[in-house]
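Listed here are the chains, written in short residue letters.
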Amino acid sequence: MAKTKFILDEERIPRHWYNIAADLPSPVPPPLHPGTGEPIGPDMLEPLFPMALIGQEVSAEREIEIPEPVRAVYRQWRPTPLFRAHRLEQHLQTPARIYYKYEGVSPTGSHKPNTAVAQAFYNKEAGVRRLTTETGAGQWGSSLAYAAAHFGLDVDVYMVRVSYDQKPYRRALMETFGARCVASPSDETESGRAILAKTPDSTGSLGIAISEAVEKAAQADDTKYALGSVLNHVLTHQTVIGLEALEQLEQLDAYPDVLVGCTGGGSNFAGLVLPFIGAQLRGGPSPRVVAVEPAACPSLTRGKYAYDFGDTGHLTPLVKMHTLGSTFVPPGFHAGGLRYHGMAPLVSHLQALDLLEAVAYKQLEVFAAGVEFARVEGILPAPEATHAVKGAIDEAIKARESGERRTILFNLCGHGHFDMQAYTDYFAGKLKDQTYDESELAMALAGLPSVQAAE
Ligand SMILES: *Cc1c(COP(=O)(O)O)cnc(C)c1O
């Protein structure tokens, strides 16, 4: 089936990122100053991000040119392959056609370098010397470390404690690329020390690690902060995934009826689906769009759509998003990249506009899907990606039941080669379906900031 596999061809690397702000029927609600409740200006973000990225955050231009030095780095692995899952289709006895875009071919094994390279480039251009960031499973930290090495920047990574302990190889990868890696909560920051004083054995969370990284960046002139998901500019950088997929499918004379992606902060999902939703908003076909999240951290299916802080220490502006509350600490399940209390404001807005559906799955059923997929397709998905795999399999089973020949496209956002302990635990029967504490969720939601000016 040579036709369905694409080899590296630099002409096929997009020249622009797609910015959906140009096509939305109503704008994403703006971030607010926590003190005044008024929309924040670029000056409040300036200590944290270079102006080029702040400009992209608020841009309404449909196409944002990808700088040539960024494209030059993308060439190392882009365009990524689009595979037809023939063997999975046969195995499921489904009339559906299943395609997947495989982002695991990047140097760090996931979609994250798509934005890491861009962010490192713009920071270098702005004269920044050091970046701080948070990481969950270590995918983002290793991707930013990789990108920073390309452009000669230093990186400090605050890594969520539970992953720091569970995933030592990701840390080794970050250190190989030259980054410094610190378990979070740490005693290097006020935010970290405050958590440790209350909960000395805290497993950490992305919300806590973000506070630490933001605090450090705000304190030094030559240091800025990089976020691996959630923000508009990050989602925009990830659209190379969907733009390539559109073109690859066009060559096969195919168009998806259903799009599926997993959602932590929403970036790989958005990267795949935004170009298709944009085409729909401009009068094109309207595929169903399914976001798959973990039942143990269900921001889209169980969260509230409200203004909240992006971090636990309340150092960020307020953003309107589906949130479980910034003090919510999800249980320590294995898809570390999906353990964030909120969802990207842009993805939250699309759900409010009825442009997507959300489902939540439990840990054991997604690992079962990941193993099933690996056995027929020969690629071992990251624990996060198994959520998308399970979503696609369920869509294919529905197609079998209804006899419809629909076309399914999902994002296989990363491989799981650094997550073998999770698979080992799964086979040993040690993995559990983690649930969060309902009263803790209720408390975290009750503690949402009240916003007078904007609503
Ligand atoms: C980080 C990560 C995620 C979650 O982040 P999103 O912004 O929701 O994409 C999902 N999958 C993989 C492989 C990751 O590394």
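Small disclaimer: the values here were computed from a predicted structure and weren't measured.

Colleague: Any chance you could break down unusual backbone geometry for me, citing the residues and the numbers?
Modeller: Note that the residue after arginine 78, namely proline 79, is joined by a cis bond; omega there is -5°. Secondary-structure assignment places proline 79 in the loop between helix H3 (68-74) and strand S3 (82-84). For the peptide bond that leads from serine 184 to proline 185, omega is 5°, which places it in the cis range. Non-glycine residue histidine 314 carries a positive phi angle of around 60°.

Colleague: Lay out the side chain of histidine 322 with the relevant residues and their values.
Modeller: Here histidine 322 is to be found in strand S12 (residues 318-323). Classification of histidine 322 as buried rests on a relative accessible area of 8%. The residues contacting histidine 322, other than those within four sequence positions of it, are Ser299, Leu300, Gly303, Lys304, Tyr305, His341, Gly342, Met343, Ser348 and Gln351.

Colleague: An account of the site of the ligand is needed here, citing residue identities and associated values.
Modeller: Contacts to the ligand come from 16 residues, most closely from Lys112, Ser229, Gly264, Ser267 and Asn268. Here an oxygen atom of the ligand and a backbone polar atom of glycine 266 are 2.8 Å apart. For the shell around the ligand, the residue count by class is three nonpolar, 11 polar and two charged.

Colleague: Lay out the environment of phenylalanine 333 with the relevant residues and their values.
Modeller: You can see phenylalanine 333 is positioned in the loop between S12 and helix H15 (345-352). Sequence separation between phenylalanine 333 and glutamine 363 is 30 residues; the distance between their C-alpha atoms is 7.5 Å. Ignoring any residue separated from it by four or fewer positions in sequence, one finds phenylalanine 333 in contact with Pro294, Ala296, Cys297, Leu338, Arg339, Gln363 and Gln434.

Colleague: Residue-level account of the pairing of strand S7 (residues 180-184), with values.
Modeller: Counting buried positions over the five residues of S7 gives four, a clear majority of the element. Note that strand S6 (residues 154-160) and S7 share five bridges and pair parallel. Note that in S7 the partner of aspartate 156 across the bridge is arginine 180.

Colleague: Please provide a residue-by-residue account of the packing of helix H5 (residues 113-125) against helix H6 (residues 139-151), values included.
Modeller: Packed helix pairs are specified by the crossing angle of their axes together with the interaxial distance, meaning the distance between the axes. Close contact between H5 and H6 brings their axes to 8 Å; oriented N to C, the two are set at 40°. Judged on the interaxial angle alone, H6 and H5 are oblique. Handedness of the H5/H6 crossing: right-handed. Across the interface between the two elements, Pro113, Thr115, Ala116, Val117, Gln119, Ala120, Phe121 and Lys124 from H5 touch Trp140, Ser143, Leu144, Tyr146, Ala147, Ala148 and Phe151 from H6. In terms of residue class, the contact of H5 with H6 is built from 11 nonpolar, three polar and one charged.

Colleague: Lay out the sheet that holds strand S13 (residues 357-361) with the relevant residues and their values.
Modeller: With mixed pairing, six strands are arranged side by side in an open sheet as S3-S4-S14-S9-S10-S13. Edge positions in the open sheet fall to S3 and S13, since each of these has one partner strand only. Shown here is a sheet whose adjacent strand axes are inclined to one another by a mean of 25°, direction ignored. Inspection of the sheet shows strand S9 (residues 258-262) paired to strand S14 (residues 407-412) by three bridges, in the parallel sense. Paired with leucine 259 across the strands is leucine 409, a residue of S14. Against the sheet, helix H13 (residues 267-281) touches strand S4 (97-102), S9, strand S10 (288-294) and S14, its axis set at about 155° to S9.

Colleague: Give me the lowdown on the pattern of salt bridges, citing residues and values where you can.
Modeller: Going through the model one piece at a time under the given rule, you end up with 24 salt bridges. Put simply, glutamate 247 and arginine 12 hold a salt bridge, and the shortest N to O gap is 3.3 Å. Separated by 235 residues along the polypeptide, glutamate 247 in helix H12 (residues 240-251) and arginine 12 in the segment before strand S1 (16-18) bring together distant segments of the chain. You can call arginine 12 partly exposed: its relative accessible area is 22%.

Colleague: I'd like a rundown of the domain arrangement of the chain, residues and numbers included.
Modeller: The domain architecture assigned to the chain consists of domain 1 (78-109 + 233-448) and domain 2 (113-227). Each of domain 1 and domain 2 has a C-alpha centre, and these two points are 23 Å apart. Taken together, the contact between domain 1 and domain 2 spans 31 residues of the former and 33 residues of the latter. Buried surface at the junction of domain 1 and domain 2, both sides included, amounts to about 2,400 Å², of which 58% is carbon and sulfur. Looking only at domain 1, the three residues that lose the most surface to domain 2 are Thr108, Arg339 and Phe418, adding up to 27% of its buried area.

Colleague: An account of the sheet that holds strand S5 (residues 130-135) is needed here, citing residue identities and associated values.
Modeller: Spatially, the four strands line up as an open sheet ordered S7-S6-S5-S8, and their pairing is parallel. In the strand order of this sheet, the two ends are held by S7 and strand S8 (223-225), each with one partner. Strand-to-strand twist across the sheet, computed as the mean angle between neighbouring axes with direction ignored, equals 25°. In the sheet, S5 pairs with S6 via six bridges, with the strands oriented parallel. Bridging across to S6, arginine 130 finds its partner in aspartate 154. Most of the contacts of H6 go to S5, to which it runs at about 160°, and overall it touches S5 and S6. Along the sheet face, helix H10 (residues 206-219) touches S5, S6, S7 and S8 and points at about 170° away from the line of S5.

Here is what the cut-offs are and how they apply
- Residues numbered from 1 in each chain as written.
- Predicted model: local features only at pLDDT ≥ 70, side-chain atom pairs only at ≥ 80, totals over all residues.
- Heavy atoms only, no water.
- Helix = DSSP H or I, 4+ residues; strand = E, 2+ residues; numbered from the N terminus.
- Buried < 20%, exposed > 50% of the residue type's maximum accessible area, 1.4 Å probe, protein only.
- Contact = heavy atoms within 4.5 Å.
- Near = heavy atom within 4 Å.
- Polar contact = N/O pair within 3.5 Å; in protein donor to acceptor, adjacent residues only side chain to side chain.
- Nonpolar A, V, L, I, M, F, W, Y, C, P; charged D, E, K, R; others polar.
- Pairing = 2+ DSSP bridges.
- Axes fitted to C-alpha atoms, helices over the stretch in contact; angles between N-to-C directions.
- Parallel < 35°, antiparallel > 145°, perpendicular 65-115°, else oblique.
- Left-handed = near helix turned anticlockwise from the far one by under 90°.
- Salt bridge = Lys/Arg side-chain N within 4 Å of Asp/Glu carboxyl O.
- Domains from an automatic or database assignment.
- Buried area = accessible area lost by both parts, 1.4 Å probe.

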